[in-house]
Amino acid sequence: MKKLILLFILIPNILFSGPMKKIGEKGEEENIDRVIKVSMFDNYYQPKQFEIKKNETIKFVVENKGQLVHEFNIASKEMHLKHQPEMQMMVEHEILLADKIDKKKMMEMSKKNPAMAHSHSNSVLLSPGESAELIWKFSNTVDIEAACNVPGHYDVGMIAKINSI
Ligand SMILES: [Cu+2]
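Residues numbered from 1 in each chain as written. Predicted model: local features only at pLDDT ≥ 70, side-chain atom pairs only at ≥ 80, totals over all residues. Heavy atoms only, no water.

Student: I'd love a proper account of the side chain of Q84, names of residues and values included.
Tutor: Looking at the secondary structure, you find Q84 in helix α3 (residues 77-92). Residue classification places Q84 among the buried residues on the basis of a relative accessible area of 18%. For Q84, the side chain forms a polar contact with the side chain of N149, separated by 2.7 Å. (Helix = DSSP H or I, 4+ residues; strand = E, 2+ residues; numbered from the N terminus. Buried < 20%, exposed > 50% of the residue type's maximum accessible area, 1.4 Å probe, protein only. Polar contact = N/O pair within 3.5 Å; in protein donor to acceptor, adjacent residues only side chain to side chain.)

See below:
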């Protein structure tokens, strides 16, 4: 059981280290070009798409205005698809519930390995009513989408296209 949890936390980090370069990188506060507010509803984003220039650093201020847990994750389609089984596992371990995240359980896991405490820099996972910021530098704007990988949500189209301008 413990080994299983370790596995699903560590594997995505390994997977993400490669493809991450293609989608850009974590942005720095002092380099922010624009701030974009994003609202998450059940199951869609407002706005539904983003117009982004290559090399722009955007601060996304994301608020979950829905009744369900949602994710705002900047990635390629391929990366989203790889991330989905990990999210499914979080559901199976009852860390990720339909309307909340069991942060106590998440914390317990991160205590066992400090490396687990950090979340991916390209995504935020929010309970209803929560807000978070994400700063991203779009060194590439091709074939990237913001999407929610909470099981079932991507399939019903909780995806916001990122258009290169
Ligand atoms: Cu969602």
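Student: Tell me about the packing of aromatic side chains, residues and numbers included.
Tutor: Per the counting criterion, the structure on display carries six aromatic pairs. Ring geometry for F41 versus Y44: centroids 5.2 Å apart, planes at 20 degrees, classification stacked. Between the aromatic rings of F60 and F138, the centroid separation amounts to 6.1 Å while the plane-to-plane angle is 75 degrees, which identifies the pairing as edge-to-face. In this pair, F60 sits in strand β5 (residues 57-64) while F138 sits in the loop between β8 (131-137) and β9 (145-147), placing the two residues 78 residues apart along the sequence. (Phe/Tyr/Trp six-rings, centres within 6.5 Å; stacked < 30°, edge-to-face > 60°.)

Student: Now, about the coordination of the copper ion: what can you tell me, with residues and values included?
Tutor: Every protein donor of the copper ion is listed here as H70 (ND1), C148 (SG), H153 (ND1) and M158 (SD), and their distances to the metal cover 2.0 to 2.7 Å. Relative to the metal, the four donor atoms surrounding the copper ion lie at angles of 86 to 135 degrees, and the coordination shape comes out tetrahedral. Read in sequence order, the donor residues coordinating the copper ion give the pattern H-x77-C-x4-H-x4-M. (Donors = N, O, S within 2.8 Å, 3.2 Å for Na, K, Ca; no water. Tetrahedral: all angles 85-135°; square planar, octahedral: opposite > 155°, others 65-115°.)

Student: Just give me the short version of unusual backbone geometry, but keep the residues and values in it.
Tutor: Cis geometry is found at the peptide bond from D42 to N43, where omega equals -10 degrees. With omega at 0 degrees, the peptide bond leading from Q46 into P47 counts as cis. Here P47 shows up in the loop between β3 (44-46) and β4 (49-52). Within the chain, N55 stands out as a residue other than glycine whose phi angle is a positive 75 degrees. Among the secondary structure elements, N55 is positioned in the loop between β4 and β5. For N55, a relative accessible area of 40% puts it in the partly exposed group. In the Ramachandran plot, E94 falls in the positive-phi region, its phi being about 60 degrees despite a non-glycine side chain. Residue position: E94 is located in the loop between α3 and α4 (103-112).

Student: Got a sec to walk through α3? Specific residues and values, please.
Tutor: Counted at 1.5 Å a residue, the expected span for α3 with its 16 residues is 22 Å, and the 23 Å between its end C-alpha atoms agrees. Along α3, the helix axis deviates most sharply at Q84, where the bend reaches about 25 degrees; the proline P85 sits within four residues downstream. (Expected span 1.5 Å × (residues − 1). Bend = angle between axes of the 7 residues up to and from the residue.)

Student: Can you lay out the environment of E25 for me, pointing to particular residues and giving the numbers?
Tutor: Residue placement: E25 occurs in strand β1 (residues 25-26). According to the relative accessible area criterion, E25 is partly exposed, its value standing at 41%. In sequence terms E25 and W136 are 111 residues apart; their C-alpha atoms lie 6.0 Å from each other. If sequence neighbours within four positions are ignored, E25 has contacts with W136, K137 and S139. (Contact = heavy atoms within 4.5 Å.)

Distances and angles like these do not, on their own, reveal function.
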